[in-house]
Amino acid sequence: MKCGYYCNGYCFWNGDTGEVCDKIAYGTHKRIKDGYCPKEQNDRELEEHANAIIAEEEKKRRERFLFRGKDKDDGKWYEGAYRAYDDTTYCFKEDYDRHPENTHHTIVFSRMTDWGLPNRHLQAEVIPETVGQYTGLQDKNGKRIFEGDIVKVTRSNNGYSPYTRTCVVQYNPRSASYDFYDYCGDIDSVEVIGNIFDNPELLRGSKK
């Protein structure tokens, strides 16, 4: 689609209102770029930029429901969708008390098989206490930050020696957000150095 009117291959767009295109002015005789009016080219670029923003926001929305859990048998960590299900439905609480292993906690994930072939959709049964949700944030190295991670938080301290503290990432129901437990103040950088299940020793004597 082309807009405006043309003379010897030049665009003199004036639209429906008679306004001059912000990319062109009468008398400048700017040649049409790639066969499009500069205003239309600008509109296309704006639309592509908006679509890229929408796609990024949609990716973040999906990632808000990403979980992590530690396999109950081999100790490996898996990331994916969290699913809990019961083997049997009982009538009384006493029945559930007698069968404490009735509920299974799993992380559902996919694995590539080969180029062009369907992926495999698998699930790993995980230790329920280790299940943590992705915060939607990444550390300074681009690593995803999950609930239960141990992070090293650095603050510039207004020009003085950098102030660091080791903290646990946990969900705060009061603020409905993920906080760095035992830390207050502005943060300059965050680095994941472990988690509370594999590296509890990192929390002993860590404050500086």
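Residues numbered from 1 in each chain as written. Predicted model: local features only at pLDDT ≥ 70, side-chain atom pairs only at ≥ 80, totals over all residues. Heavy atoms only, no water.

### As for the sheet that holds strand β6 (residues 120-125)
For clarity, the cut-off: Only strands that DSSP links by at least two bridges are regarded as paired with each other. Elements are defined by DSSP. Helices are runs of H or I of four residues or more, strands are runs of E of two residues or more, and each kind is numbered from the N terminus. For every element, the axis is a line fit to its C-alpha atoms; helices are fit only across the contacting stretch, and the angle between N-to-C directions ranges from 0 to 180 degrees.
If you trace the 6 strands from one edge of the open sheet to the other, you get β6-β5-β4-β3-β7-β8, paired in antiparallel fashion. With one partner strand each, in any of the chains shown, β6 and β8 (144-146) form the two edges of the open sheet. Adjacent strand axes in the sheet meet at a mean angle of 50° when their direction is disregarded. Alignment of strand β3 (residues 67-70) against strand β7 (residues 132-138), held across 2 bridges, turns out to be antiparallel. Bridge pairing links F67 to Q133 in β7.

### Things to note about the confidence of the model for the protein
Note the cut-off: pLDDT: the predictor's confidence for each residue, scored from 0 to 100. We call two residues in contact whenever any of their non-hydrogen atoms come within 4.5 Å of each other.
In this model, the protein carries a mean pLDDT of 77, and residues with pLDDT of at least 70 account for 70%. Per-element mean pLDDT across the protein ranges from 47 in strand β1 (residues 6-7) up to 96 in β3. Per-residue pLDDT stays below 50 along residues 1-10; that stretch engages in 25 contacts with residues further than four places along the chain or on separate chains.

### A few points about the packing of aromatic side chains
Threshold: Ring pairs are drawn from Phe, Tyr and Trp, using the six-membered ring of Trp, whenever the two centres fall within 6.5 Å, and their geometry is named by plane angle: stacked under 30 degrees, edge-to-face over 60, tilted for the rest. Burial classification: accessible surface area is computed with a 1.4 Å probe over protein chains only, and a residue below 20% of its type maximum counts as buried, one above 50% as exposed, and the rest as partly exposed. Two conditions define a charge sitting above a ring: the NZ of Lys or the CZ of Arg must be within 6 Å of the ring centre, and it must be within 35 degrees of the ring normal.
Counting across every chain of the model gives 6 aromatic pairs. Ring plane angle 45° and centroid distance 6.0 Å describe the contact between W77 and F197, whose orientation is recorded as tilted. Taken together, the positions of W77 in strand β4 (residues 77-86) and F197 in the segment after β12 (189-195) put the pair 120 residues apart, joining distant regions of the chain. Judged by relative accessible area, which is 30%, F197 ranks as partly exposed. A ring pair is formed by Y171 and Y178, whose centres lie 5.3 Å apart and whose planes are at 65°; its orientation type is edge-to-face. Of the residues examined, Y171 reaches a relative accessible area of 39% and is grouped as partly exposed. Across the ring face of W77, the terminal group of R68 is positioned such that the distance to the ring centre comes to 4.7 Å. Note that R144 overlies the ring of Y134, its terminal NZ or CZ placed 5.6 Å from the centroid.

### Let's talk about the nonpolar core
The test is simple: Note on terminology: a nonpolar core comprises buried Ala, Val, Leu, Ile, Met, Phe, Trp, Tyr and Cys residues joined through side-chain atoms within 4.5 Å.
Counting 8 residues, the largest nonpolar core is built from I145, V151, V153, C167, V169, F180, V190 and V192. At the level of secondary structure, the elements contributing two or more residues to this core comprise β9 (149-155), β10 (163-172) and β12. Those residues in contact with V192 that sit more than four places away from it in its chain are D139, K143, R144, I145, D149, I150 and V151. Y78, F109, A124 and V126 belong to the second-largest nonpolar core, a separate cluster that totals 6 residues.

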